Amino acid sequence: MLRESVSSLKILISNLTYNFGQIADVLKTLQDVYGEKEPKSQMRNGDLSYPRIDDRWETKPTGMEIEFCDVSFKYPGTKRFALQNVSFKIKPGQMVAIVGVNGSGKSTITKLFNRLHDVTEGQVLIDGLPITSYKMKEVQQTIAILRQNHSEYPFSLRLNVELGAPNHSGITDEEIHEAIKAGGAAAFIKKLPNGFETVLDPIDLTETFTYGAFDHEVFDKLDDMLQEKTRSSSISGGESQRLAASRTFMRIMKNDIRLIIADEPTSALDATGEMAVFKRLREQRGDKTVVFITHRFGHLTKHADLILVMKDGHLVESGTHDELVSEDGEYNKLFQVQAQAFTTD
Ligand SMILES: Nc1ncnc2c1ncn2[C@@H]1O[C@H](COP(=O)(O)OP(=O)(O)OP(=O)(O)O)[C@@H](O)[C@H]1O
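Residues numbered from 1 in each chain as written. Predicted model: local features only at pLDDT ≥ 70, side-chain atom pairs only at ≥ 80, totals over all residues.

Going by an unreviewed UniProt entry, the protein chain carries the name p-loop containing nucleoside triphosphate hydrolase protein and comes from Schizopora paradoxa.

A. The arrangement of the overall build of the protein chain in detail. Within the protein chain one finds 14 helices and ten strands. Counting over 345 residues, the protein chain shows a buried share of 33%. The contacts in the protein chain between residues at least 6 apart in sequence include a share of 73% that link residues at least 24 apart. (Helix = DSSP H or I, 4+ residues; strand = E, 2+ residues; numbered from the N terminus. Buried ≥ 20, exposed ≤ 12 C-beta atoms within 10 Å, placed from the backbone. Contact = placed C-beta atoms within 7 Å.)

B. Seen up close, the sheet that holds strand 5 (residues 129-130). With antiparallel pairing, the four strands of this open sheet are ordered in space as 2-1-4-5. If you trace the sheet from one side to the other, it starts and ends with strand 2 (83-90) and strand 5, each paired once. Bridging between strand 1 (residues 66-73) and strand 2 involves five bridges; their strand directions are antiparallel. Its bridge partner being in strand 2, Val 71 is matched across the sheet by Val 86. (Pairing = 2+ DSSP bridges.)

C. Just the site of the ligand, in detail. Near the ligand you find Tyr 75, Thr 78, Ala 82, Gly 100, Asn 102, Gly 103, Ser 104, Gly 105, Lys 106, Ser 107 and Thr 108, and these make up its full shell. Considering each element in turn, the shell around the ligand owes the most residues, three residues, to helix 3 (residues 106-113). The class makeup of the residues in the shell around the ligand is two nonpolar, eight polar and one charged. (Near = placed C-beta within 6 Å. Nonpolar A, V, L, I, M, F, W, Y, C, P; charged D, E, K, R; others polar.)

D. Region of the structure containing unusual backbone geometry. In this chain, Tyr 50 is followed by Pro 51 through a cis amide linkage whose omega measures -5°. Look at Asp 70: it is not a glycine, yet its phi comes out positive at around 50°. The residue Asp 70 is located in strand 1 in this model. Overall, the presence of 12 C-beta atoms within 10 Å leaves Asp 70 in the exposed class.

E. Molecular detail of the environment of Ile 145. Structurally, Ile 145 is set in strand 6 (residues 143-147). As a C-alpha pair, Ile 145 and Leu 259 span 114 residues in sequence and 8.5 Å in three-dimensional space.

F. Quick peek at the environment of Arg 282. Structurally, Arg 282 is set in helix 11 (residues 271-284). Measuring from C-alpha to C-alpha, the distance between Arg 282 and Met 250 comes to 15 Å, with 32 residues separating the pair along the chain.

G. The pairing of strand 8 (residues 289-293), seen in detail. The element strand 8 is extensively covered by neighbouring structure, given that five of its five residues are classed as buried. Because side chains alternate across strand 8, one face comprises the buried residues Thr 289, Val 291 and Ile 293, and the other comprises Val 290 and Phe 292, equally buried. By the bridge criterion, four bridges tie strand 3 (residues 95-100) to strand 8 in an arrangement that is parallel. Note on strand 8: the bridge partner recorded for Met 95 is Val 290. Here strand 7 (residues 259-263) pairs with strand 8 via five bridges, running parallel. Note that in strand 8 the partner of Asp 263 across the bridge is Ile 293.

H. Looking closely at the sheet that holds strand 6. With mixed pairing, the six strands of this open sheet are ordered in space as 6-7-8-3-9-10. The sheet is open, and its two borders are formed by strand 6 and strand 10 (314-319), each paired with just one other strand. Taking the axes of each pair of neighbouring strands and ignoring which way they run, one obtains an average angle of 15° across the sheet. Relative to the sheet, helix 10 (residues 237-254) contacts strand 6 and strand 7, its axis offset from that of strand 6 by approximately 175°. (Axes fitted to C-alpha atoms, helices over the stretch in contact; angles between N-to-C directions.)

Next comes the structure, spelled out in structure tokens:
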């Protein structure tokens, strides 16, 4: 079934690339195909709609409120706790940084926000109610995630960005340009001969169709178009992160997003590139809550309303940059290691 879907997807994409098909059909097939790869969730689905609309909540800001109440968590099939007795509260619209050494539990915290997993002990509250009481999909639809490792799809750069809003057809060129600019991808895409129509890892026409499927004239015409369209297809790690950021900005622009999670999304970017992406994130986020994970201390941590410091699965400190530096604990230790790089030979 999956093979057949992939095969029909390839044909649809080839058609799309050459403007013969309808984007909505392709996206539907794409959702079906990628949906098949998702493991079926065994987690309990709540019956409350999210966001909640009633007299009490309608006037609330549009950012998500998240509270961890004594949360402990073990990954399925493991004996070790990845998180132990973690408690914190993120207010709506706050910009929060999670820091800590490798393996301290930073990413695991964010995986509990969108119910990739459920807690082993304790409770996660969203807008004051247990996360499990909401319809899981509706909570996930309000979260935009920007990760370090992300996928690129073998389609045009344009479609890679449009995938941020797969339920929206008729995305305009202006919207694509806006998302690409926000993600910091405009400069590298402009240099490509086919701009945002450039196809990534293009599909080999001979794999998709055989000469027998079309007469020679049609096949040769398609093949010529493929050669023309796919002159440049490989992008660097940093460009790939800029593309993924553009896709997330598209998702933020076109959906009712209440939480943005950024898990080291700029690790492959130079300092200027990173600063530009986060500047745009701050500009575009409005009242949305933002949680980012970072190993770099600087403008990001300085702007954070709250910093959570993780160590061995425990939350060891929390506060603002200034508060944590004056506490002279784990945060200050990590901060000084980076600060000293500038002050010593
Ligand atoms: N899918 C998984 N299955 C089992 N254990 C996992 C899984 N993912 C992470 N872990 C373990 O959980 C602990 C916390 O991992 P996590 O990825 O949250 O750390 P992190 O602070 O985000 O690390 P890094 O800075 O390296 O990204 C680690 O001991 C890790 O090995």
